[in-house]
Amino acid sequence: MRVIRERWNPLALLCLLSFLVTACGELNVPSGIVYCSEGNPETFNPQLITSGTTIDASSNQLYNRLIDYNDDSSDYSAALATDWAVSDDGLQYRFTLRQDVQFHYNNLFSPSRNFNADDVIFSFARIINTEHPYHLVSRTGYPFFQSIDFANLVSKIEKINDYEVVFHLANKDASFLSNLATDFAVILSAEYAAQQLAAGTPENIDYFAIGTGPFYLAEYAKNEYIRFKRNQYYWGEQAKIDLLVFDITRKSEARLAKIITRDCQVSALPKANELAVINKHKHLELRTKPGLNVAFWAFNTQKPPLDDVRVRHALAHAVDKQNILNVVYHDTAVAASGMLPPASWAYTETEDAKHYDPEEAKRLLKEAGVTNLSFDIWAMPVVRIYNPNALKTAELIQADLANIGVTVNIVSYDWSVFTQKLISSEYDSVLIGWNADNTDPDNFFTPLLSCSALESNNNRSRWCSTELDTLLSQAKETLSKPERKRLYKQAEKIIHEQVPLVNIAHAQKLLLKNTNVSIKNVNPYGGMSFSGVELIKQEVQP
Amino acid sequence: MWRYLIRRLNLFIATSIVMMAVLFFATGMFPVEKGYALTGIQFPTEEQQVQTVEDYKLDKNQFSQFYAYVTQRLSGNLGISVNSQQDVAEELSAVLPASFELSLFAGCIAVFFGVPLGVLASLSSSKPVQRSILAITLTGYSIPVFWLGLTLALWFGVQLEWLPISGQINLLYEIEPVTRIMLIDTLLSESSYSMSAFKDALLHIILPAVTLAVLPFTVVIRITRQAMVTVMTQTYIRAAEARGLSTYRILIRHALPNALIPVLKAFGLMLGSFASYGIIVEVIFAWPGVGSWLINAIYQRDYTVIQAGILSVSLLIIFLSIMIELLHTTINPINRKELYAD
Amino acid sequence: MPIKKLYQEEQIDSPLGQLWHAFASNPFAVAGLWAVIFLLLLVILGPLLAPFQPELQNPDAILLPPSWDQAGHVSHFLGTDDLGRDLFSRILHGVRLTFGMSLIVVVCALVVGFIIGSLSGMMRGLKSSILGHLLDALLSIPSLLLAILVVAVTGPGLSNVFWAVGIALTPQFVRAIHQAVHEELQKEYVTAAKLDGASQIQIFWYVIMPNVWDVVIIQTTIAISVAILDIAALGFLNLGAQAPSSEWGSMIYQGLSSLLIAPWTITIPGLAILFTVLSINLVGDGLRSALAPIRN
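The name an unreviewed UniProt entry gives chain C is ABC transporter permease subunit, with Shewanella electrodiphila as the organism. If you open the UniProt record of chain C and go to Sequence similarities (unreviewed entry), you find "Belongs to the binding-protein-dependent transport system permease family. OppBC subfamily."

Chain B has the name ABC transporter permease in an unreviewed UniProt entry, where Shewanella electrodiphila is given as its organism. Under the UniProt heading Sequence similarities (unreviewed entry), the note attached to chain B is "Belongs to the binding-protein-dependent transport system permease family. OppBC subfamily."

Caption draft 1: How the structure looks around the overall build of chain B. What chain B contains, in helices and strands, is 14 helices and 0 strands. Start at the N end of chain B and walk to the C end: the helices and strands fall as α-α-α-α-α-α-α-α-α-α-α-α-α-α. For chain B, the C-alpha atoms occupy an extent of roughly 80 × 60 × 40 Å along the three principal directions. Here chain B, with 342 residues, has 42% of them falling under the buried criterion. For chain B, contacts bridging at least 24 residues in sequence account for 68% of all contacts bridging at least 6.

Caption draft 2: Molecular detail of the sheet that holds strand β5 (residues 92-97) of chain A. All names here are of chain A. Strand order in the open sheet formed by 4 strands is β4-β5-β7-β6, and the pairing between neighbours is antiparallel. The open sheet is flanked by β4 (81-86) and β6 (154-161), the only strands paired with a single partner. Here the strands of the sheet are splayed against their neighbours by 20° on average, with no regard to which way each runs. One ladder, built from 5 bridges, connects β4 with β5; its direction is antiparallel. In the sheet register, D83 faces β5, and the bridge partner there is T96. Packing of helix α3 (residues 117-128) onto the sheet brings it into contact with β5, β6 and β7 (164-169), and relative to β6 it is tilted by some 165°.

Caption draft 3: A look at the packing of helix α3 (residues 87-122) of chain C against helix α9 (residues 213-236) of chain C. Residue and element names in this part refer to chain C. The N-to-C vectors of α3 and α9 enclose an angle of 130°; their axes lie 9 Å apart at closest approach. Classified by the angle their axes make, α3 and α9 are oblique. As α3 packs across α9, the resulting crossing turns out to be right-handed. Counting all contacts with α3, which are made through T98, F99, M101, S102, L103, V105, V106, A109 and L110, the residues of α9 involved are T220, A223, I224, A227, I228, I231 and A232. For the contact of α3 with α9, the residue count by class is 13 nonpolar, 3 polar and no charged.

Caption draft 4: Region of interest: the UniProt feature "transmembrane region" (unreviewed entry) in chain C. Residue and element names in this part refer to chain C. UniProt's feature table lists "transmembrane region" (unreviewed entry) at residues 28-50, 97-119, 131-153, 216-239 and 259-283, given in the numbering used throughout. Between the C-alpha atoms that bound residues 28-50 there is a distance of 29 Å. The span itself is 96% helix and 0% strand. In the segment residues 131-153, helix accounts for 91% and strand for 0%; the C-alpha atoms at its two ends are 25 Å apart.

Caption draft 5: Structural detail: the interface of chain A and chain C. Taken residue by residue, the interface counts 9 residues in chain A and 7 residues in chain C. Going through the elements one at a time, α9 (252-260), α10 (275-280) and α12 (321-327) of chain A are the ones with two or more residues in the side of chain A that touches chain C. Grouping the constituent residues of the side of chain A that touches chain C by class yields 5 nonpolar, 2 polar and 2 charged.

Caption draft 6: The interface of chain B and chain C, seen in detail. Contacts between the two partners involve 38 residues from chain B, matched on the other side by 36 residues from chain C. Residue assignment for the side of chain B that touches chain C shows that the elements contributing at least two residues are α1 (2-29), α6 (127-142), α7 (145-159), α11 (247-284), α12 (290-299) and α13 (303-331) of chain B.

Caption draft 7: Summary view of the packing of helix α5 (residues 88-123) of chain B against α13(B). Residues and elements named next belong to chain B. As a packed pair, α5 and α13 sit with axes 10 Å apart at the nearest point and diverge in direction by 50°. Considered as vectors, α5 and α13 are oriented oblique to each other. Here the hand of the crossing between α5 and α13 comes out right-handed. Of α13, the residues touching α5 (which contributes V88, L92 and L96) are T304, V305, A308 and S312. The residue makeup of the contact of α5 with α13, split by class, is 5 nonpolar, 2 polar and no charged.

Caption draft 8: Local environment of the domain arrangement of chain B. Per the domain assignment, the segments of chain B are domain 1 (37-77) and domain 2 (97-287). Domain 1 of chain B and domain 2 of chain B are separated by 42 Å when their C-alpha centres are compared.

Caption draft 9: Broad picture of unusual backbone geometry. Positive phi, close to 60°, is recorded for A:D331, a residue that is not glycine. Although it is not a glycine, B:A286 sits at a positive phi angle of roughly 45°. Tracing the backbone shows B:A286 in the loop between α11 and α12. Taking the number of C-beta atoms within 10 Å as the measure of exposure, B:A286 has 20 and is therefore buried.

Scoring rules and cut-offs
Residues numbered from 1 in each chain as written. Chains lettered and ligands numbered in written order. Predicted model: local features only at pLDDT ≥ 70, side-chain atom pairs only at ≥ 80, totals over all residues. UniProt positions renumbered as here; feature names shortened; annotations may be inferred. Helix = DSSP H or I, 4+ residues; strand = E, 2+ residues; numbered from the N terminus. Buried ≥ 20, exposed ≤ 12 C-beta atoms within 10 Å, placed from the backbone. Contact = placed C-beta atoms within 7 Å. Pairing = 2+ DSSP bridges. Axes fitted to C-alpha atoms, helices over the stretch in contact; angles between N-to-C directions. Parallel < 35°, antiparallel > 145°, perpendicular 65-115°, else oblique. Left-handed = near helix turned anticlockwise from the far one by under 90°. Nonpolar A, V, L, I, M, F, W, Y, C, P; charged D, E, K, R; others polar. Domains from an automatic or database assignment.

Structural data, given as structure tokens:
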């Protein structure tokens, strides 16, 4: 008897275990999606940053804007504003606001009133008005709004009544509505702000975010995950999923592994060379779309030796873009001949004036009388849509420049240190890029190369020309598309002549997802939106 | 008996003090300001600065500084994390259970499979079997754990899609932390998906636990085999055989308990390398335990977390190895002498 | 049961000869020895045999699979990594970094450990027990944690790995030698020598040492395999050798980013580590069983 009992014990345990593993039958998984995102958001307020990671985790999930683009991005559609009108002189924009829109609540705040004109005024006054108590909160500035000189553009925001506001502009601006439809121009809660200001913790509104969006922020564990839940009182079409989790996974291969093992359903920034692996797994699908972005190599034009335009010309000829497209982008990008990508309506096909020609480069250097040239290339340490691997790009450029006798030293820091050091502009040149926030072509020029961008430190070339600025403001004031297209072509020409930067590539926007997830539309610009994402019940394979 | 216990306690205290001295010495050598390395506050206010000097006696000599350091650390003041600005002690209490879960699971796998295999190996007298056991155990010793982990992840996770390879559980499950041991918490959870969450957690632990189990598994096989061979030649076994007991009974009832004593001892000696392996396994499988916490800390130069991680892990190892030694002495009749000797 | 010889052979092997005979009768151990000799040759000749420079990038041959694969090419025998560097050349250069370095670290740790261990082993009483506690404490810190501590102080880099692994290994030598010396010291033949009027130094060198060498040898083989695994583990965690280095662990770290698309970038350095550690362990195991009858 005794022996039998002893034999039974481990057996019984095994049975129990196998029962637990196999016999509990149907899986009961919460209805939701895990999105493998590439990093921590710096904040949950998109007004404060330009980084795509933060935009993805905030703008379209937590907030709304006054207006949105419609599905094919050709026109605007109503969001928090149901109607809008432009005065004849183009200086006054009147918005009629949506009623019965509720803000989220969290353990710090429950809204006592619905969304109204005060919230709109607060959201923009914070940016424009330097005296505003919230202007300096979170101390990061408003890089997008500074780069388009928003504070000087908008002279006044007037409240007509609770559901009507008028924006008064100082000058005509064709890109104004476009800018209001960007991911940055979100509407915050004025009531929450006032409450937190009174409590002495104003920075809370940027971290424990309250918005009107389709999801609300439930939990954020740095380096681990962000948990969003469906906003049941959403004014628009309700999100199709109850739960949205951002699984913060820095490494691209780890994201791929997670989506293969079904720990994620959607993954950010897949690498093009992973395509072979993706194809092996039937439950994965790669979505591509020509992106509105540009990767470039910006020269610090305020520092010798790159302050010499002849040197810049020479360097531009020395870079073999095709090789970079091949090695870094795995041919999922097109070579950039100018700032504007082919996906932009203002794009005109031109021959690349800076074609690869090392002999020409050598000749130009000789002409400039520069010998033993040596400088630094800063390469960003992170993956971005426009450049999946800046370090490798830098290594290739290093090899190219070695061919014309130029020595290059590659520098990289941790991303947070890198961005800080960029602001202090100690670099000689930097490999970085731009992902458009909206479809307006101005978005590729004013935020990057204008004199106001110099102030907001987004002008990585530290270069500005009054000629270009005049051209850009002229283009902004023009409403006719063909005329604007002509003006931007001229702008491209100035940039070609002055070479403040070398454009490298326009990358495709890639999104990797499980086939049981349906995503209707991937925008060529801006951040991810999960409100229309749906889980499809799949037939169980026999 | 008491004398023995007191001597062990003495050993524990002395070792811990030496350990803390090493850590204190290293903290002084960190390439940052000492107050910052001790508290984790990078830009202290005037008040905080005064407080730090007061707490750690930074104005006094090295000896009182050390004394202050020990009292602060033992009273649970581990400073705040440089990176997350959270209390380090709190973070530690969140990551320790996960590591515990993983190592316990791995240890169980090692014993569950290692002991029977070791016994089987001891019974066989054929050269090929002996040699192949030797080959397996030597390979187990020699295999670099990080490579093994990656290879297993590649095969069972990516190629075959059988098992998840990252984290403790699918993030869709929202599990209230009670014990912070995921396998238990999922069962305690009152949500409707408690059972599927448990299953998911179980699937998540398999690969890391198996990877981590390889080292103790080979050790267990080897030691069990050796001990069984030694035990089986002893006279009391022959006496049992002479009495006509079945081989099975002799093996399980008479030989095995005595053979397991050296296995216990081997476990104690192995703790250090087991912990090292655990750290690497946690990094590979993104297991949210002390190991990945510590490695992240070193990447981010989070000095307070580095100290806390090393301190807690080594104190645990010192404590556990002394406990194992104690257990070993109590259950091993040969050692009892030592217990009662005055 | 072996047949007993009636007459003793004329020549009795020296202890070393006996050891060799016992060792050579184990084919695994001999194979291990050959492998170690091969590796030692590679430490010296590796860089000369390598067809390419270890850091030479070939943009036309990125992530080329090993030559036995259909897509592979014979010019890159073991394939290339994500920067088009030849893995075969990198492995050959890495022998020096991983295996060669482990030898140097072990020799240094051995010398230091030997000196401290024998001094403390000869001591008695309080001094000895304090040292014992100190060693217990150092031994209880896993070598990886010790290495992390060193890296926290000095920053990552191959030279710091030397310190980290050295500091982690030394206490093990000290303890092994300390214990061996201490044990021998209790034995009667030592007392006999003492009664003969031998000085401390004479007792240590002529009386005890010949009986401690085998402990040193066994400990050394263990230490070498531990050192290789530790150096590689630090490289893998990116705390040791840094990016372009062809240290094997670091190679695996650099291969991580192409783990899924090009598994050979981690498989090959991993196998190299396994092969090296396995041969060292085979030799160590052989030595241990060869020494066992002599020791008893």
